[in-house]
Amino acid sequence: MSDASQSRNPQGSPVWDPSHQGTGPSGSENRFPGPHAGDGLAAGGVTFAGVLMLVNGILAVLQGIAAIAEDDVYGRIGDYVYKINLTGWGWILLIVGLVAAAAGWGVLKGAAWARVTGIVLASVSLVLQFLFLPYAPIWSVVVIAIDVFVIWALAVYRPTAR
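Conventions adopted
- Residues numbered from 1 in each chain as written.
- Predicted model: local features only at pLDDT ≥ 70, side-chain atom pairs only at ≥ 80, totals over all residues.
- Heavy atoms only, no water.
- Helix = DSSP H or I, 4+ residues; strand = E, 2+ residues; numbered from the N terminus.
- Buried < 20%, exposed > 50% of the residue type's maximum accessible area, 1.4 Å probe, protein only.
- Contact = heavy atoms within 4.5 Å.
- Areas by Shrake-Rupley, 256 points an atom, 1.4 Å probe, with all protein chains shown as cover.
- Expected span 1.5 Å × (residues − 1).
- Core = buried A, V, L, I, M, F, W, Y, C linked by side-chain atoms within 4.5 Å.
- Patch = residues over 30% accessible without salt bridge, like charges linked within 9 Å, V, L, I, M, F, W, Y side chains within 5 Å.
- Salt bridge = Lys/Arg side-chain N within 4 Å of Asp/Glu carboxyl O.
- Axes fitted to C-alpha atoms, helices over the stretch in contact; angles between N-to-C directions.
- Parallel < 35°, antiparallel > 145°, perpendicular 65-115°, else oblique.
- Left-handed = near helix turned anticlockwise from the far one by under 90°.
- Nonpolar A, V, L, I, M, F, W, Y, C, P; charged D, E, K, R; others polar.
- UniProt positions renumbered as here; feature names shortened; annotations may be inferred.

### Focus: the overall build of the protein
Helix and strand counts for the protein stand at 5 helices and 0 strands. Residue burial in the protein is summarised as follows: out of 162 residues, 33% are buried. Sequence-distant contacts, at least 24 apart, represent 66% of the contacts inside the protein between residues at least 6 apart. In the form shown here, the protein has an accessible surface area of approximately 9900 Å², with 67% of it arising from carbon and sulfur atoms.

### Let's talk about helix H5 (residues 137-156)
Taking 1.5 Å per residue, 20 residues should reach 28 Å; H5 reaches 29 Å between its end C-alpha atoms and fits that length. Turning to H5, its buried residues number three or more, namely Ser 140, Val 143, Ile 144, Ile 146, Asp 147, Val 150, Ala 153, Leu 154 and Val 156.

### Section: the nonpolar core
Generally speaking, nonpolar side chains in soluble globular proteins are found buried as a group. Among the nonpolar cores identified, the biggest contains 16 residues, and Val 46, Ala 49, Met 53, Val 107, Val 150 and Leu 154 are the most heavily contacted of them. At the level of elements, helix H2 (40-69), helix H3 (86-109), helix H4 (112-131) and H5 are the ones that each hand at least two residues to this core. Every residue in contact with Val 150, bar those within four places of it in the chain, is listed here: Ala 49, Leu 52, Met 53 and Ala 122. If you look at the next biggest cluster of nonpolar residues, it comprises 10 residues, including Tyr 80, Leu 131, Phe 132 and Ala 136.

### A short note on H3
Between its first and last C-alpha atoms H3 spans 34 Å; for 24 residues at 1.5 Å apiece the expected length is 34 Å, and the two agree. Phi for Gly 110, located one or two positions after H3, is positive at around 90°.

### Quick look at a nonpolar patch on the surface
On the surface, Phe 48, Val 51, Val 55, Ile 58, Leu 59, Leu 62, Ile 65, Trp 105, Leu 108, Ile 138, Trp 139 and Val 142 cluster together into a nonpolar patch covering about 1100 Å² of accessible area. Looking at the nonpolar patch, the elements with two or more residues in it are H2, H3 and H5. Secondary-structure assignment places Leu 62 in helix H2.

### Observations concerning the packing of H4 against H5
Between H4 and H5, the shortest axis-to-axis distance is 9 Å and the interhelical angle comes to 160°. On the basis of their axis angle, the class for H4 and H5 is roughly antiparallel. Seen along the crossing, H4 lies across H5 with a hand that is left-handed. Of the residues in H5, those touching H4 at Arg 115, Gly 118, Ile 119, Ala 122, Ser 123, Ser 125, Leu 126, Gln 129 and Phe 130 are Trp 139, Ser 140, Val 143, Ile 144, Asp 147, Val 148, Val 150, Ile 151, Leu 154 and Ala 155. A class-by-class count of the residues in the contact of H4 with H5 yields 12 nonpolar, 5 polar and 2 charged.

### Some words on the UniProt feature "transmembrane region" (unreviewed entry) in the protein
UniProt records the feature "transmembrane region" (unreviewed entry) for residues 41-69, 89-108, 113-132 and 138-157 in the present numbering. Measuring from the first to the last C-alpha atom of residues 89-108 gives 28 Å, for a span that is 100% helix and 0% strand. Secondary structure content for residues 138-157 is 95% helix and 0% strand, while the C-alpha to C-alpha distance between its ends is 29 Å.

### Quick word on the environment of Val 143
With respect to the helices and strands, the residue Val 143 is situated in helix H5. Residue contacts for Val 143: discarding those within four places in its chain leaves Asn 56, Ser 125 and Gln 129.

Structure (structure tokens):
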């Protein structure tokens, strides 16, 4: 048996095709490293990030409304470097939450603007939750972790050109 016949299956097509490995002639299309739209992890991560943004946005709106309506919802803290009136925090959370929910909906619809907006909003949310740590420490740490995932998922996703 020759070397050429050993690398072919009974139907005559090659068993191993270098174009599937990014080394062959069609591998030049992979100019961007990282996951692409066809990859399950990247596509699933972006969908999950969109859902998380939508839900976190709605929860931030509710958290903001609670802080605006009743200043006694969150525990009083003593001396804090980044001290701000809870009504002020409420308005900040309400506005960021509305925009985050809209961006989450946009991510689920596949809008390119929503991915960039989502990265920016998740970054802003991460900083705001860090500043909100004394008021709701466990909740803030959970939201910070979610924001890190959202930033990662939106940053690594590379949609294919249509």
